[in-house]
Amino acid sequence: MSKPYVIGIDMGGTNTAFGIVDARGTVIASNSIKTRKHSDINDYIEELFVEVNRIIVANDAVDKIQGIGIGAPNANYFTGI
């Protein structure tokens with residue numbers, strides 16, 4: 001088996017950043033999308049899926065992903081979203 005990778009996703013209020021990281025913490029690839037671009041959460045999730053999948057395929061990591069970590073540290077206190 002080749003070296004395992006993990007996906008990290010950081011959901012922020014402005015941008016959602018994501019990347020592939022190896023066991024030593026080296027970033028293999030990364031990208032981001034605008035968090036507030038879509039009015040429908042399903043459209044946001046679809047774009048996130050497409051873009052994460054794009055970097056997985058582009059870096060020959062389809063069978064190397066061993067885990068996913070997601071950080072969503074805060075919600076909007078004023079809107080409840």
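Preceding block: the structure.
Keep in mind that what you see is a predicted model, and the values were worked out from it rather than measured.

Draft legend 1. Expanded view of the side chain of D22. Its place among the elements puts D22 in strand β2 (residues 15-22). With a relative accessible area of 18%, D22 lands in the buried category. Of the polar contacts made by the side chain of D22, one reaches the backbone nitrogen of T26; its length is 2.9 Å.

Draft legend 2. Up close: helix α1 (residues 41-58). Here α1 spans 26 Å end to end across 18 residues, near enough to the 26 Å set by a 1.5 Å rise per residue. Taken as a whole, α1 has its buried residues at Y44, E47, L48, E51, V52, I55 and I56. Where α1 is buried, its residues contact β1 (5-11), β2, β3 (27-34) and β4 (65-71). Two or three places before N42, at the start of α1, stands the capping residue D40, its side-chain oxygen 2.7 Å from that residue's backbone nitrogen. Positive phi appears at D60, one or two residues downstream of α1, with a value of about 50°.

The rules behind the values
Residues numbered from 1 in each chain as written. Predicted model: local features only at pLDDT ≥ 70, side-chain atom pairs only at ≥ 80, totals over all residues. Heavy atoms only, no water. Helix = DSSP H or I, 4+ residues; strand = E, 2+ residues; numbered from the N terminus. Buried < 20%, exposed > 50% of the residue type's maximum accessible area, 1.4 Å probe, protein only. Polar contact = N/O pair within 3.5 Å; in protein donor to acceptor, adjacent residues only side chain to side chain. Expected span 1.5 Å × (residues − 1). Contact = heavy atoms within 4.5 Å.

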